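Results of the structural survey
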2 protein chains.
Amino acid sequence: MEKIFSVPLKGGAMTDVYTSSLSEIAKELSSYPSALAVFDDNSLSSYGERPSVPFISIAPGEERKNWESVDQILSRAMGEGLARDSMFIGIGGGVVLDMTAFAASVYMRGARCILIPTTLLSAVDATLGGKTGIDYGGAKNAVGTFFPAEKVIISTAFLRTLPECEYRSGLGEVLKHALLSPDNDLMKFLLAKRDKVLSRDPEAVSEMIRLSLAVKISYITRDPEERKGIRSSLNLGHTFGHALESLYDYSISHGEGVAWGTVKALRAGEELGVTPSGLAADGIALFREYGFDEDRFSIPEDLLPEYLKAIGKDKKKKGGIVRFVLMEDLGKPVLTPLSDSDIEKAVMRKA
Amino acid sequence: MEKIFSVPLKGGAMTDVYTSSLSEIAKELSSYPSALAVFDDNSLSSYGERPSVPFISIAPGEERKNWESVDQILSRAMGEGLARDSMFIGIGGGVVLDMTAFAASVYMRGARCILIPTTLLSAVDATLGGKTGIDYGGAKNAVGTFFPAEKVIISTAFLRTLPECEYRSGLGEVLKHALLSPDNDLMKFLLAKRDKVLSRDPEAVSEMIRLSLAVKISYITRDPEERKGIRSSLNLGHTFGHALESLYDYSISHGEGVAWGTVKALRAGEELGVTPSGLAADGIALFREYGFDEDRFSIPEDLLPEYLKAIGKDKKKKGGIVRFVLMEDLGKPVLTPLSDSDIEKAVMRKA
């Protein structure tokens, strides 16, 4: 295992990020005398061998991201006699990682936790910064905690066999990070290495993850509990995107939603004079380069009220007002409330 | 409202403790534009008037301290459109306060929280220090978080109508605090004011709560997340006591359990040569003065294995070993593992 980041978080907590081979991950698992590994059926099959610690596997899918699944994890932990110093090990996509970390955070008021992402999306999105949770009352991640994992272990070996739509979902978040980066290293990298990234060249994928995490880290370390409006900027595209996902009953992937939402945020920013036209055009072009076409999803006129209602459920509300992340410049997000008509203009507009 | 303590907690969090009249509490409630108050049926009836904010009331009892009740709170919060900056207000005994604070801690990954204890036990035990939770898998508080309330508001008005067994339950924790105090102010106060305390003289009750909280505060501020073995000492009597409560299917009160457990911890300490005989005798005499007789509860010989198994579920396990709080001196607790035969000697012994 090679340590690529040490991320300082709230209250002296620290998450170490490693890259690793599958065999090193197996060795890591067996190093804990009291542990529970949580897989989904996909990650269990890509893990290959039988885990050396007690484990459970949860059926994959966002619709499993609920208390019943967390209850399964907690109940097994209890049955195995895990204590506060025992290790919860999440191995899978974002759903499994968020739920494993949530379970760890509430078990005996906080046990230990390691996260091993097996999808691109979870490698760049779900693992760092301690956001845990489940969907609740129709709202994504409406119930959860902040609970940073001790270690995040990334292996590109898991990404080789990832279904195309899963890989694309991760790319949506990576592209979003490119806009949030104050230097344009990630943007340049993505434009230069497009073909290698799309063919999943291991070296290119590794570098892309590293650059993408560096952007995320720069935001979360400045605002670990999302209280200052800095970390919230990582939600660029999420308010527009989550509501789209909800309207489509989560039949579209998170990354697709974020990609679409980011383009809409660029459009809304341009319309309001917040986002320079050049930046909006460059951003939208980058998404198009990677096959994210904003016209792929549209809001039927009669579903607009439902879409606006889904927007209202966003948990970044402050004083009852939903604030959107708009871009003033590359790496310079700003939180702004939007009127229903601003939202309508952005989402109903055709390219 | 009069502020009696400001308690600094982890990560710059702060809990302010106030004493207050009922009318000031009603005013406090109406000061929040977005809030949900959580009562139990008892606290709702002692509150008197109809609350000015949305509220729910949960049937009283430890057996309601589960996810279903937390789910009720979260679901109502969602229905009322509460956001991360909305206020959860728990008004009741420990069960309601622990669950309200748990719900607040996971709602949108952490909303705001105020706790208003209406029992002596919850005033001295459940409100300060941020322990939240529910019972799980047969173990008390096995699932929860650390999430300090912004404010704790104590009104002795609630205590006047408290059933005798409830009041006694609180006294069990207060007496335990007297042993944990390095100065002997609380011990002296309890011996001098016994009659006033038992007749619930408001001034005496107020002073007793203040002295008792001062002891608790001195432990939690030194170890806010129970990682250093200092805060764990507040669990004096709890390992013995919880297991007794569990054996009696929670038909005996928490304070009765703690009182019994504290006496057993004094006995075990004396037997092992950890606790000076004088301290053990003084402590046991104090409990007897207040009507806590260790012979009131006994472990039938054939239930001893079940009792020992309940002890093994204690969440203060470290490396698989349950550590008991024993007293080396007044205010000087020490964490020590006990063998099954040590435990047996203490719990089977008659006074």
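Everything quoted here is computed from the prediction, not taken from an experiment. Note that residues are indexed from 1 along each chain, following the sequence as it is written. Whichever chain is written first becomes A and whichever ligand is written first becomes 1, with later ones labelled in order. It should be noted that, the model being predicted, local features are given only for residues of pLDDT at least 70 and side-chain atom pairs only at 80 or more, the latter also being counted only at that level, while totals for whole chains, interfaces and linings use all residues. The side-chain numbers reported here are obtained from all heavy atoms of the structure, hydrogens and water having been left aside.

**Considering the relation of the copies chain B and chain A**
For clarity, the cut-off: Copies overlap after least-squares fitting; the atoms used are the C-alpha atoms of residues with pLDDT of at least 70 in both. Every residue pair with non-hydrogen atoms within 4.5 Å of one another is taken to be in contact.
Under the fitted operation, chain B is carried onto chain A by 0.0 Å of movement along the axis and a turn of 180 degrees, and the coordinates agree to an RMSD of 0.0 Å. With respect to symmetry, the two chain copies, as superposed, fit the operation of a two-fold axis. Minimal C-alpha separation from the rotation axis in chain B is found for Gly11(B), amounting to 2.5 Å. Of all interface residues in chain B, 100% are interface residues in chain A too; the two copies therefore contact each other through one and the same surface.

**Overview of the environment of Gly110(B)**
Rules: Each helix is a run of H or I in the DSSP string that is no shorter than four residues. Each strand is a run of E no shorter than two, and both are numbered from the N terminus.
Relative to the helices and strands, Gly110(B) resides in the loop between helix H4 (94-106) and strand S6 (112-117). Separated by 27 residues in sequence, Gly110(B) and Ala83(B) have C-alpha atoms that sit 9.5 Å apart. With near-sequence residues (within four places) excluded, Gly110(B) lies in contact with Arg227(A), Arg84(B), Ala104(B), Ser105(B) and Phe147(B).

**Quick word on the domain arrangement of chain A**
Residues and elements named next belong to chain A. Note the following rule: Residue ranges for the domains originate in an automatic or database domain assignment. By definition, the buried area sums, over both parts, the 1.4 Å-probe accessible area that each loses when the two are put together. The salt bridge criterion pairs a side-chain nitrogen of Lys or Arg with a carboxyl oxygen of Asp or Glu, the two atoms within 4 Å. Polar contacts, as used here, are pairs of N or O atoms within 3.5 Å; protein pairs need one atom able to donate a hydrogen and one able to accept it. Residues neighboring in sequence count only if both atoms are side-chain atoms. Any residue that is not Ala, Val, Leu, Ile, Met, Phe, Trp, Tyr, Cys, Pro, Asp, Glu, Lys or Arg is counted as polar, Gly included; the first ten are nonpolar and the last four charged.
Per the domain assignment, the segments making up chain A are domain 1 (2-162) and domain 2 (165-348). In this complex, domain 1 contributes 31 residues to the contact, which on the side of domain 2 involves 34 residues. With both sides pooled, the region where domain 1 packs onto domain 2 buries about 2,800 Å², and carbon together with sulfur makes up 67% of that total. Put simply, domain 1 and domain 2 have two salt bridges between them. The partner of Lys-140 in a salt bridge is Glu-245, and the shortest N-O contact between them spans 2.9 Å. Where domain 1 touches domain 2, the interface holds eight residue pairs in polar contact (both at pLDDT 80 or more). Elements represented by at least two residues in the side of domain 1 that touches domain 2 include exactly strand S1 (2-8), helix H5 (120-126) and strand S8 (139-143). Considering each element in turn, the side of domain 1 that touches domain 2 owes the most residues, six residues, to H5. Across the side of domain 1 that touches domain 2, the residue classes tally to 17 nonpolar, eight polar and six charged.

**A closer look at the nonpolar core**
The nonpolar side chains of a soluble globular protein tend to be buried, and buried together. Rules: Among the buried residues, those of types Ala, Val, Leu, Ile, Met, Phe, Trp, Tyr and Cys that are joined through side-chain atoms within 4.5 Å form a nonpolar core. Type-normalised accessible area, obtained with a 1.4 Å probe on protein chains alone, sets the label of each residue: buried when under 20%, exposed when over 50%, and partly exposed for intermediate values.
Residues Leu190(A), Phe240(A) and Tyr307(A) are the most contacted members of the largest nonpolar core, which totals 135 residues. When near neighbours in sequence (up to four residues on either side) are disregarded, Leu190(A) contacts Val174(A), Leu175(A), Ala178(A), Met208(A), Leu286(A) and Tyr290(A). Formed by 69 residues, the second largest nonpolar core is a distinct cluster that contains Leu159(B), Leu186(B), Ile252(B) and Tyr290(B).

**Observations regarding the pairing of strand S10 (residues 323-329) of chain A**
Residue and element names in this part refer to chain A. For clarity, the cut-off: A strand pair is defined by DSSP finding two or more bridges across the two strands.
The pairing of S10 with strand S11 (residues 332-337) spans six bridges and is classified as antiparallel. The partner of Val-325 across the bridge, within S11, is Leu-335. Once S10 ends, the chain turns through two residues before running back antiparallel as S11, passing Gly-331 with a positive phi of about 75 degrees.

**Side note on the sheet that holds strand S6 (residues 112-117) of chain A**
Residues and elements named next belong to chain A. Where we set the bar: To get an axis, fit a line to the C-alpha atoms, keeping to the stretch in contact for a helix; angles then go from 0 to 180 degrees between the N-to-C directions.
Taken in spatial order, the seven strands of this open sheet run S1-S2-S9-S6-S5-S3-S4, and their pairing is mixed. Single-partner strands in this sheet number two, and they are S1 and strand S4 (55-58). Taken pair by pair, the neighbouring strands of this sheet meet at an average axis angle of 20 degrees, ignoring direction. Those strands touched by helix H9 (residues 202-220) are S1, strand S2 (14-19) and strand S9 (151-154), and its axis lies near 15 degrees from that of S1.

**Side note on unusual backbone geometry**
Located in the positive-phi region is Asp249(A), a residue other than glycine, with phi close to 50 degrees. When you line up the elements, Asp249(A) lands in the loop between helix H10 (238-247) and helix H11 (254-271). Here the phi dihedral of Tyr250(B) falls at roughly 60 degrees; this positive angle occurs in a residue that is not glycine. Classification of Tyr250(B) as partly exposed rests on a relative accessible area of 29%.

**Focus: the environment of Ile114(A)**
Examined against the element boundaries, Ile114(A) turns out to sit in strand S6. Residues contacting Ile114(A), with those up to four places away along its chain left out, are Glu28(A), Tyr32(A), Met87(A), Phe88(A), Ile89(A), Gly90(A), Ala149(A), Lys151(A) and Ile153(A).

**A word on the pattern of salt bridges**
Residues and elements named next belong to chain A. The full count for this structure, using the stated rule, is 38 salt bridges over all chains. Lys-65 is paired through a salt bridge with Asp-98; the nearest N and O atoms lie 2.7 Å apart. Of the two residues, Lys-65 is situated in the loop between S4 and helix H3 (67-79) and Asp-98 in helix H4 (residues 94-106); the sequence distance between them amounts to 33 residues. One exposure class covers both Lys-65 and Asp-98, and it is buried. Glu-328 is the salt-bridge partner of Lys-332, the closest N and O atoms lying 3.6 Å from each other.

**Focus: the packing of helix H6 (residues 164-180) of chain B against helix H12 (residues 277-289) of chain B**
All names here are of chain B. Test applied: Any angle between 65 and 115 degrees counts as roughly perpendicular, while under 35 counts as roughly parallel, over 145 as roughly antiparallel, and the rest as oblique. Each crossing gets its handedness from the near helix: less than a right angle anticlockwise from the far helix is left-handed, clockwise is right-handed.
With their axes 10 Å apart at the nearest point, H6 and H12 run at an angle of 160 degrees to one another. The angle between H6 and H12 places the two elements in the roughly antiparallel class. Between H6 and H12 the crossing geometry is right-handed. Packed against H6, whose contacting residues are Gly-172, Leu-175, Lys-176, Ala-178 and Leu-179, the element H12 presents Leu-279, Gly-283, Leu-286 and Phe-287 at the interface.

**A closer look at the side chain of Ser212(A)**
All names here are of chain A. Structurally, Ser-212 can be placed in helix H9. For Ser-212, a relative accessible area of 0% translates into the label buried. Once residues lying within four places of it in the same chain are set aside, the contact partners of Ser-212 are Val-124, Val-174, His-177 and Leu-186.

**Digging into a negative patch on the surface**
All names here are of chain A. What counts, and what does not: Only residues whose relative accessible area exceeds 30% and that form no salt bridge enter a patch; like-charged residues are grouped when within 9 Å of one another, and nonpolar side chains (Val, Leu, Ile, Met, Phe, Trp, Tyr) when within 5 Å. All accessible-area figures derive from a Shrake-Rupley calculation using a 1.4 Å probe, and residue coverage is judged against the displayed protein chains alone. All tallies of charge rest on Lys and Arg as positive and Asp and Glu as negative; His and the ends of each chain are not included. The atoms used to mark charge sites are NZ of Lys, CZ of Arg, CG of Asp and CD of Glu.
Together, Glu-301, Asp-302, Asp-340 and Glu-344 make up a region of like negative charge exposed at the surface. With respect to the element layout, Glu-301 can be found in the loop between helix H12 (277-289) and helix H13 (304-312). According to the relative accessible area criterion, Glu-301 is exposed, its value standing at 61%.

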